[in-house]
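Chains, contacts and geometry: an overview
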Amino acid sequence: MAHNPSLLSLSLSLVLLFHGCLTRSESQSQQFQNECQINSLDTIKPATRVRSEAGETEWWNPNSQQLKCAGVSVLRYTVQPDGLVLPSFSNAPQLVYVVQGRGIQGTVMPGCPETFQDSQQSQQGQSHRFQDKHQKVRSLREGDVFAIPAGVVHWCYNDGDQPLITVNLLDTSNSANQLDNNPRKFHLAGNPGEEQRQLRKLQQQQQQGSRSEREHEEGDDEDEDNLIIWSRRSPLHSCSNLLCGMDPQLLAQALNVDINLIKKLRDVKGNMGTIVRVKDGLQVVRPPRMEHEEREERERESQHGSRGRSDDNGLEETFCSMRIKENIADPERADIFNPQAGRITTLNSFNLPILKFLRLSAERGVLYNKAGLIPQWSMNAHRIFYMLRGRARLQVVNQNGDTVFDGYLERGQLLTVPQNFAFVKRAGSEGAEWICFFTNDNATNTPLAGRVSALRAIPDEVLAASYDISREEARRVKYGNQDTFFFTSSSSERREDA
């Protein structure tokens, strides 16, 4: 029986790509358990900012205790119009949320075919135009979440008229990362040297104890003493992408091109960084921007899933055409909704199957004026909050009953709530919107109050005995809040505010 070489290659690529993402290794789990001895939490802001020609890259301190506990790193891109985030890959799976703007994005899945190509055109007396082929290009808009496996090359371009802002979470504790737990981005082009140096500097400061964690995590919006800033106007640095470390002759042979072209590839002009401006805009093959395209992809995926696994043609259908993007900002997509309180939209491996391999998920939440989320905890995941708009007060409680955080989460700030730590959240008068990343593809929350809560499921006599209250009082505790997920301001509070 003859073997199909392309299918074998694709099979191997799939196994290598996703094998490590299925479980977290035992040694890593033990290591990160030791990082979660948390007695106090603080909201955190970016610790470094590196400016490129057409944007900037900001990293939160990966050595922050709460990020080390969650086993993740976080960065934020701000890309100016016509800015291109140069191709790169990382040592960890990523979930990316589009905070603002629009653009296009490419993800290079190894072993998959080039399904996008120019239409071949020719005219009598003229030579044929070269026909470009490449893998799928996807449109991006505010509210999109897209998933990127470890080691997969990706790029992004701002084709809008306002800055494109994304928040990227890297799951460095995922066993797909066989290196250490420091975030690493490998660039195919550009000059990432300063960004890498600043990350190394943060790691060295942590090891040497030359700076306390609080110096990186606290600070005013106006005070940037703790923010390490580098501009492309800084002194020139040598080339530091992957091609720069390879022998030009070997590259020329591998690509089957002239050595002079290799020199051009390795010639990094100035300090443009990793986000460059594209003159005259970027012209690539892509279909018209249509929001219903996402719905069609979901329908095809659902139909494929309903047929069962028995008639899979195999990998090209399930891997190469796998959806990696979903929009969770549309109010119509809300999974939980209360017209007086707010809404929650979840994204997990059930509605975006690739997350099963990455072991990550996300949630977008909106709270209206002074509404709140009932006290709850995550059974099987750390959660990392990033505030999009407004502000909210959070209280976080550990296993000792200690309040490890009681404060406000402001726009642009991060806060990690470790697994099983209980929290309650209430919006300010202007409301609150956030994105939350989970370190499990199907994060499960246990509410403390409301219709499907832990207290509601306990017999009233058990509650009465546990809290030394009457059965009538126990029933009031159980049935006082008939909502599933929210609570709203009491009438007395509303009168006081008025």
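Fair warning: this is a prediction, and the values are worked out from it, not measured in the lab.

Reading guide: rules and limits
- Residues numbered from 1 in each chain as written.
- Predicted model: local features only at pLDDT ≥ 70, side-chain atom pairs only at ≥ 80, totals over all residues.
- Heavy atoms only, no water.
- Helix = DSSP H or I, 4+ residues; strand = E, 2+ residues; numbered from the N terminus.
- Contact = heavy atoms within 4.5 Å.
- Areas by Shrake-Rupley, 256 points an atom, 1.4 Å probe, with all protein chains shown as cover.
- Buried < 20%, exposed > 50% of the residue type's maximum accessible area, 1.4 Å probe, protein only.
- Arc of directions from axis to C-beta.
- Phe/Tyr/Trp six-rings, centres within 6.5 Å; stacked < 30°, edge-to-face > 60°.
- Lys NZ or Arg CZ within 6 Å of the ring centre and 35° of its normal.
- Axes fitted to C-alpha atoms, helices over the stretch in contact; angles between N-to-C directions.
- Parallel < 35°, antiparallel > 145°, perpendicular 65-115°, else oblique.
- Left-handed = near helix turned anticlockwise from the far one by under 90°.
- Nonpolar A, V, L, I, M, F, W, Y, C, P; charged D, E, K, R; others polar.
- Core = buried A, V, L, I, M, F, W, Y, C linked by side-chain atoms within 4.5 Å.
- Disulfide = S-S within 2.5 Å.
- pLDDT = per-residue confidence, 0-100.

Take the overall build of the protein next. Assigned secondary structure in the protein consists of 13 helices and 26 strands. Sequence separation of at least 24 residues holds for 78% of the intrachain contacts in the protein that already meet a minimum separation of 6. Summed over all atoms, the accessible surface of the protein reaches about 24800 Å², with 48% contributed by carbon and sulfur.

Considered for burial, the residues of helix H11 (residues 460–467) that qualify are Asp460, Leu463 and Ala464. The buried residues of H11 occupy an angular sector of 100 degrees when projected down its axis, which confines them to one face. Those residues of H11 that are exposed and aimed more than 90 degrees away from the buried face are Ala465 and Ser466. The secondary structure elements touched by the buried residues of H11 are helix H12 (471–479). One or two steps after H11, the chain reaches Asp468, where phi turns positive at roughly 55 degrees.

The tally for this structure, following the rule as stated, stands at 5 aromatic pairs. Ring geometry for Phe385 against Trp434: centres 6.4 Å apart, planes inclined by 70 degrees, an arrangement best described as edge-to-face. Of the two residues, Phe385 is situated in strand S21 (residues 383–397) and Trp434 in strand S24 (residues 422–438); the sequence distance between them amounts to 49 residues. Of the two residues, Phe385 and Trp434, both sit in the buried class. With a centroid separation of 5.9 Å and 80 degrees between ring planes, the pair formed by Phe485 and Phe486 is classed as edge-to-face. Overall, Phe486 belongs to the buried group, its relative accessible area being 1%. Clustering of aromatic rings is evident, with ring pairs tying together Phe385, Phe423 and Trp434. Its end group placed over the ring of Tyr408, Arg391 keeps NZ or CZ at 3.9 Å from the ring centre. Just above the ring of Trp434 sits the side chain of Lys425; from NZ or CZ to the centre is 3.4 Å.

Let us look at the packing of helix H6 (residues 248–255) against helix H7 (residues 259–266). At a minimum axis separation of 9 Å, H6 and H7 run at an interaxial angle of 110 degrees. Taken together, H6 and H7 sit at an angle that is classed as roughly perpendicular. The chirality of how H6 crosses H7 is right-handed. For the pair H6 and H7, the contacting residues are Pro248, Gln249, Leu251, Ala252 and Leu255 in the first and Ile259, Ile262, Leu265 and Arg266 in the second. A per-class count over the contact of H6 with H7 returns 7 nonpolar, 1 polar and 1 charged.

The N-to-C vectors of H11 and H12 enclose an angle of 110 degrees; their axes lie 8 Å apart at closest approach. Put simply, H11 runs roughly perpendicular to H12. Here Asp460, Glu461, Leu463 and Ala464 of H11 lie close against H12, whose contacting residues are Arg471, Ala474, Arg475 and Lys478. By residue class, the composition of the contact of H11 with H12 is 3 nonpolar, no polar and 5 charged.

Right, let's get into the nonpolar core. Within soluble globular proteins, side chains that are nonpolar tend to cluster in buried spots. The biggest cluster of nonpolar side chains holds 52 residues, and the ones touching the most others in it are Leu95, Tyr97, Ile354, Tyr386 and Ile435. Mapped onto this core, the elements with two or more residues apiece are helix H3 (65–70), strand S3 (73–79), strand S5 (94–100), strand S10 (144–148), strand S12 (164–170), helix H10 (355–358), S21 and S24. If you look at the next biggest cluster of nonpolar residues, it comprises 29 residues, including Ala381, Val396, Val404 and Trp434.

Turning next to the state of the cysteines. Following the criterion strictly, the structure yields 1 disulfide and no others. Here Cys36 is linked by a disulfide to Cys69, with a sulfur-sulfur distance of 2.0 Å. What sets the handedness of the Cys36 and Cys69 disulfide is the S-S torsion sign, and at about 105 degrees it is right-handed. Residue Cys36 is found in the loop between helix H2 (26–34) and strand S1 (48–52), and its partner Cys69 is found in helix H3; the two are separated by 33 residues along the sequence.

Take the environment of Met322 next. Note that Met322 resides in the loop between helix H9 (315–320) and strand S16 (325–327). Setting aside chain neighbours within four positions, we find Met322 in contact with Arg138, Ile354 and Phe357.

A word on the confidence of the model for the protein. When pLDDT is averaged along the protein, the result is 82; 75% of the residues meet or exceed 70. Every residue in residues 210–223 scores below 50 in pLDDT, and together they form 28 contacts with partners more than four places removed in sequence or on other chains. The model gives residues 307–317 a pLDDT under 50, and that stretch makes 13 contacts with residues more than four places away or in other chains.

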